[in-house]
Amino acid sequence: MLTVEEAAHRVAATAQPLAPEPVSLNEAAGRTLHETLRADRPFPPFNRVTMDGIALAFAALAAGQTTFVIERTQLAGQPPQPLRSPSTAAVEIMTGAALPPGADTVVRYEDLHISPGPDGQRHATVLVPPPAAGHNVHPVGSDCAVGTPLLLPGTCLGAPEMAVVATVGAHTVQVTRRARVAVVSTGDELVPVENTPLPHQIRRSNALMLAVAVRATGAAVSTFHFPDDPAALRIGLPALLTDYDLLLLSGGVSKGKADFLPTALREAGAEEIFHEVSQRPGKPLWFGRKPGGAVVFGLPGNPVSTFLTYHRYAAPWLRTVQAPLAVTPPPPTFAALAEDVRFKPALTYFLLVRLESGETDGILRAHPVFPNSSGDMTSLLPAHGFMELPLERDFFREGEVWKVWRF
Ligand code: AMP
Ligand code: MG
């Protein structure tokens, strides 16, 4: 039987980066940038005032002038007019305004006293002189020059990146296309969530669980359900195999009398790449692809198996195809086992764990979460991920460090 490493390797070999597409700013968040975005102006684009107060010429202060006539007031967004009498006057000015030509320094209100003068005009007396010319001014181009590359291909467009996209006026950007994913549950025992199940039935929960996880990667998801019926699969599968980049099926891949998927997939033109991996849970995992069409994961139906095999194999596939230029792949997490664990079968053990970092030593510890069975989906609730324990060993000691796949 295939090892986990070999299976993951065969999955990775099918992960072809998706082509980029131009999208509007509102569609770009969370996607991977495919172009270089440069500063379209110097930043800041003008001498930007950073405090509310008065703008004056530092030379006047240096020459002994301490009281200035306020010529006028200038707000952010108003075009700057020159300071007419730099040796005796100042402009009252607000944060975000462009510094008036002739002024080079801003004294904030807190360091001033403003009162009406004998001439009827307002006069500002500087109580705390600024240390140097340029005080409280963010000089034009001091953050970056025109043409500076600000975002490189491979950048994931999160919130601060989107602020940069907006600032340089990139209202259309080249980003990786979203993967089109069909999530397909199978099984005659499964009824729609809004139905009241008969005693021998259960509600369909895997499709929603997978759809939520897949959507979080940025992919576009549609969900489907098939009964355990070869005829229904024969009719439904071919279109899915041509219309989607990825099919995530759950259930129907084991050795049961109603596990029709491996045969139905083959008949629909999907080639098997592997079936069964030496792992627990999730041994019946099926993987294949339709040439020129979708890549297919037949995930085992037990919810814990479904979720763990999704995270071990399908989530990395989605990351590779949707973020092909990502500068750094997400770092693997390594954690120390918080207690001894014994696991006899010659299978890689996916051990559900809750992660906690030590308050005094900073060590990340993995506390095992033991499900009643791989059908026990509530055991996923306290878990942060699973630790991958190699098949060559059957005893793992507290303190040993192993890789953790986080949910
Ligand atoms: P299977 O892999 O089809 O043999 O299913 C294994 C177990 O997982 C069975 O007990 C199924 O009822 C359960 N199961 C399969 N698909 C789902 C689903 N979509 N939601 C919840 N449980 C499921
Ligand atoms: Mg089934």
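Here the structure is a predicted model, which means the values were calculated and not measured. One numbering rule holds for all chains: residues counted from 1, following each sequence as written. Labels follow written order: the first chain is A, the first ligand is 1, and so on. Totals for whole chains, interfaces and linings use every residue, but because this is a predicted model, local features are given only for residues with pLDDT of at least 70 and side-chain atom pairs only at 80 or more, for both listing and counting. Each side-chain value is worked out from all heavy atoms of the structure, with water and hydrogens disregarded.

**Q** Can you break down the overall build of the chain residue by residue, with the values?
**A** Within the chain one finds eight helices and 28 strands. Here the chain has a C-alpha radius of gyration of 32 Å; the compact-globule value for 407 residues is 22 Å, and the former is much larger. Overall, the C-alpha framework of the chain stretches about 100 × 50 × 40 Å when taken along its three principal axes. Each residue gets one of three labels from its accessible area relative to the maximum for its type: buried under 20%, exposed over 50%, partly exposed in between, using a 1.4 Å probe on protein chains only. Here the chain holds 407 residues, and 45% of them are scored as buried. Accessible surface, the chain as shown: approximately 19600 Å² in total, 56% of it carbon and sulfur. We score Asp and Glu as negative and Lys and Arg as positive, and we do not count His or the chain ends. Taken as the charge location is NZ of Lys, CZ of Arg, CG of Asp or CD of Glu. Once the 33 positive and 38 negative side-chain charges of the chain are each reduced to a mean point, those two points are 4 Å apart. Put simply, DSSP H or I for four residues or longer makes a helix, DSSP E for two residues or longer makes a strand, and each gets a number counted from the N terminus. Radius of gyration: over C-alpha atoms. The globule rule applied is 2.2 Å multiplied by the number of residues raised to the 0.38 power. Calculation of accessible area relied on Shrake-Rupley with a 1.4 Å probe; when residues are assessed, cover is drawn exclusively from the protein chains displayed.

**Q** Help me get a handle on the nonpolar core, residues and values and all.
**A** Put simply, a nonpolar core is a bunch of buried Ala, Val, Leu, Ile, Met, Phe, Trp, Tyr and Cys residues held in one set by side-chain atoms that sit within 4.5 Å of each other. Among the nonpolar cores identified, the biggest contains 44 residues, and Val 181, Leu 248, Phe 297, Tyr 310, Tyr 313, Trp 317 and Leu 318 are the most heavily contacted of them. Only helix 1 (4–12), strand 13 (180–186), helix 5 (206–215), strand 17 (246–250), strand 21 (295–299), helix 8 (303–322) and strand 24 (348–357) provide two or more residues apiece to this core. With ten residues, the single largest contributor to this core is helix 8. If you look at the next biggest cluster of nonpolar residues, it comprises 19 residues, including Leu 237, Leu 240, Leu 249 and Ala 264.

**Q** Go over the pairing of strand 5 (residues 67–74) with me, naming the residues and quoting the values.
**A** Where strand 5 and strand 9 (residues 122–126) come together, three bridges link them in antiparallel fashion. Each bridged residue has a counterpart across the sheet, and for Phe 68 the counterpart in strand 9 is Ala 124. A pair of strands counts as paired when DSSP detects no fewer than two bridges linking them. By the bridge criterion, four bridges tie strand 5 to strand 6 (residues 89–93) in an arrangement that is parallel. When the bridges of strand 6 are listed, Thr 73 appears paired with Glu 92.

**Q** Give me the packing of aromatic side chains: which residues, what numbers.
**A** How two aromatic rings sit relative to each other is set out by the distance from centre to centre and by the angle between their planes. The aromatic pairing rule takes the rings of Phe, Tyr and Trp, using the six-membered ring of Trp, and pairs them if the centres are within 6.5 Å, calling planes under 30 degrees apart stacked, those over 60 edge-to-face and the rest tilted. Counting across every chain of the model gives eight aromatic pairs. Ring geometry for Phe 386 versus Phe 407: centroids 6.2 Å apart, planes at 45°, classification tilted. Here Phe 407 lies in the segment after strand 28 (401–406) and Phe 386 lies in strand 26 (residues 385–389), a separation of 21 residues in the sequence. Judged by relative accessible area, Phe 386 falls into the buried class, the value being 0%. We classify Phe 407 as partly exposed; its relative accessible area is 31%. Taken together, a centroid distance of 6.0 Å and an interplanar angle of 85° make the contact between Phe 396 and Trp 402 edge-to-face. Put simply, the rings of Phe 307, Phe 350, Phe 386 and Phe 407 pair up and form one aromatic cluster. A ring is scored as having a charge over it whenever the NZ atom of a lysine or the CZ atom of an arginine sits within 6 Å of its centre and within 35 degrees of its normal. Just above the ring of Tyr 313 sits the side chain of Arg 312; from NZ or CZ to the centre is 5.7 Å.

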